[in-house]
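Per-entry structural report
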Amino acid sequence: MIVITEKELTLLAGAGGLALYAGKQGPKCPFHRMLFAASNLVLLGGGVYVLWRSWSQSPPAFWCSLQTVRKKSRERLSGGKKARGEDAKHQDARVAAVLDLVRPNIWELEPYRCARDDYSEGILLDANENSFGSALPPEDRVLELERYPDPYQQPLKEKIAVFRNVRPEQIFVGVGSDEAIDLIMRVFCEPGRDQILVTPPTYGMYKVSAKTNDVGIVAVPLTPEFAVRVPEVLQAVAVSPRVKVIFLCSPGNPTAKLVPLEVVEQVLEGASGCMVVVDEAYVDFANANAVSACQLVEKYPNCLVLQTLSKAFGLAGIRCGMAIGHPAVIQVLNNVKAPYNVSQLTSHMAHKVFTAENLAVLQQNVSDILKEKTRVVEALQGLPAVKKIHPSDTNFILFEVPRAQEIYRDMAEAGVVARFRGHELHCKDCIRLTIGQAHENDSFLDLFKKTTEKYLGKYT
Ligand SMILES: Cc1ncc(COP(=O)(O)O)c(C=O)c1O
């Protein structure tokens, strides 16, 4: 922006006025000629000076941004004076490319800091909390809910890191993975300009978040068997440099199908100029150690893995999710998040689940759900109304039945609620059923049989 002071304006206006006056008197008089030349010189010099000063005091945003991005990338990459091998240099270049994807205004922001970043003990009169405590009964006061929660959640990250075999600095913790989806969009996509790429049918929040942030959507549909079309994805990215983030859902929702790690890697390699987000909300139902893209984050700085405590961990009510990726990218997400995004209640419960004893319960629950899934699938296979059951790597199944929408609605009104997904691509007449406890599944099967007979007859 051009900023001009009052003095500069007076000088420039004066010089302009003199130039006009001298110019009007005509070129014959040497005095007026000199006055004309001198006032023009002052006008020109003054103009250049004002432009130069405005630029140096407040350079245009694009210039600031470029400078800052370059500086930050260099700082992160310098890593001391030790000699670096070719592999390390190659990796540095990849990290630099990923950091260049971050929106320039994000680099410019000064992350929020609180006094407790420096002093967390003593008489705490720094955060306008209520030292008298909450109005809750005494037994509910043990968590000290009158205090703001830890903004960094380091101890929780350490537990997650051990469980996922990653490092704490590779973890962002948020209010469900939905928070991470939104943050990723805000960090990497310029509203009104950039795009994300999704592979429908897929999780609906990518689109909601993109729309909220005025980010465009490029869709490269899965095959009818729910496989990612890698060449088409890479082609879409090649022709549209505005695609900044690719969302792969693995296992998919509503597809229930894992994206093989080789496929994820092909996308990471082929689209190295994009962030590739692998949403693994359901990965714990599919042998996470073997199939999780967490094992790729070390090699690919453009890889971000989303996970959650909402599914296999059975903690949807506490809202706790994470993004796992390169520490520099995670740091950017941390800089942008609200300072106290993870509540004390959430943190307390999340901590509790990571004991050996409770993790054993988690494994048992997962195994029971998978057994129930097999039983429900077998029962559905025995019903003539069911035309197709998609293979499932999750705690839900997607199956096809004629007149699915009416059947779904009728059952919901009778008190058993599944989800109609027939409007999704390749999901015509499909119902998505979450596997519940045995008695819930029995109720579903019982009512489903009756309802399909009502709508479709006994031997459809
Ligand atoms: C694929 C997928 N990702 C993310 C989420 C959101 O998870 P969270 O509860 O952690 O926000 C869901 C929830 O249904 C989901 O299906």
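Structure: see above.
Figured I'd write up the structure that's included with this text. (Residues numbered from 1 in each chain as written. Predicted model: local features only at pLDDT ≥ 70, side-chain atom pairs only at ≥ 80, totals over all residues. Heavy atoms only, no water.)

Concerning the sheet that holds strand β5 (residues 275-279)
- Pairing is mixed in the open sheet, where 7 strands are placed in the order β1-β7-β6-β5-β4-β2-β3. Two strands in the sheet have a free side with no partner beyond their single neighbour: β1 (171-174) and β3 (216-219). Between one strand axis and the next, the sheet turns by 25° as a mean value, whatever way the strands run.
- Along the sheet, helix α6 (residues 154-164) makes contact with β1, β6 (303-308) and β7 (321-324), crossing β1 at roughly 120°.
- Strand contacts of helix α12 (residues 327-336): β1, β5, β6 and β7, with the helix running at about 25° to β1, the strand carrying the most contacts. (Pairing = 2+ DSSP bridges. Helix = DSSP H or I, 4+ residues; strand = E, 2+ residues; numbered from the N terminus. Axes fitted to C-alpha atoms, helices over the stretch in contact; angles between N-to-C directions. Contact = heavy atoms within 4.5 Å.)

Topic: the sheet that holds strand β10 (residues 419-420)
- Here 4 strands make up an open sheet; going across it, the order is β8-β9-β11-β10 and the pairing antiparallel. A strand with exactly one partner marks an edge of an open sheet, and here the two such strands are β8 (388-389) and β10.
- Pairing geometry for β10 and strand β11 (residues 430-434), over 2 bridges, is antiparallel. Bridging across to β11, R419 finds its partner in R432.

Some remarks on the nonpolar core
- Among the nonpolar cores identified, the biggest contains 59 residues, and L197, I246 and L309 are the most heavily contacted of them.
- With 5 residues, the top contributor of residues to this core is helix α10 (residues 261-270).
- Counting residues domain by domain, this core receives three or more from each of domain 2 (104-113 + 140-354) and domain 3 (359-456). (Core = buried A, V, L, I, M, F, W, Y, C linked by side-chain atoms within 4.5 Å. Buried < 20%, exposed > 50% of the residue type's maximum accessible area, 1.4 Å probe, protein only. Domains from an automatic or database assignment.)

Quick word on unusual backbone geometry
- Note the cis peptide between P200 and P201, where omega equals 0°.
- Cis geometry marks the peptide bond from N253 to P254, where omega comes out at 15°.
- Looking at the secondary structure, you find P254 in the loop between β4 (243-249) and α10.
- Positive phi, normally seen in glycine, also occurs at N128, with a value near 55°.
- On the secondary structure map, N128 appears in the loop between α5 (104-108) and α6.

A few points about the pairing of strand β2 (residues 195-198)
- Across 4 bridges, β2 lies against β3 in parallel orientation. Considered in β3, the bridge of V198 is made with A219.
- The handedness of the β2 to β3 crossover, carried by helix α8 (residues 205-212), is right-handed.
- Where β2 lies against β4, 3 bridges are found, and the strand directions are parallel. Among the inter-strand pairings, I196 is bridged to a residue of β4, identified as V245. (Right-handed = clockwise from strand over helix to strand, strands pointing away.)

As far as function goes, none of this settles anything; it's purely spatial.
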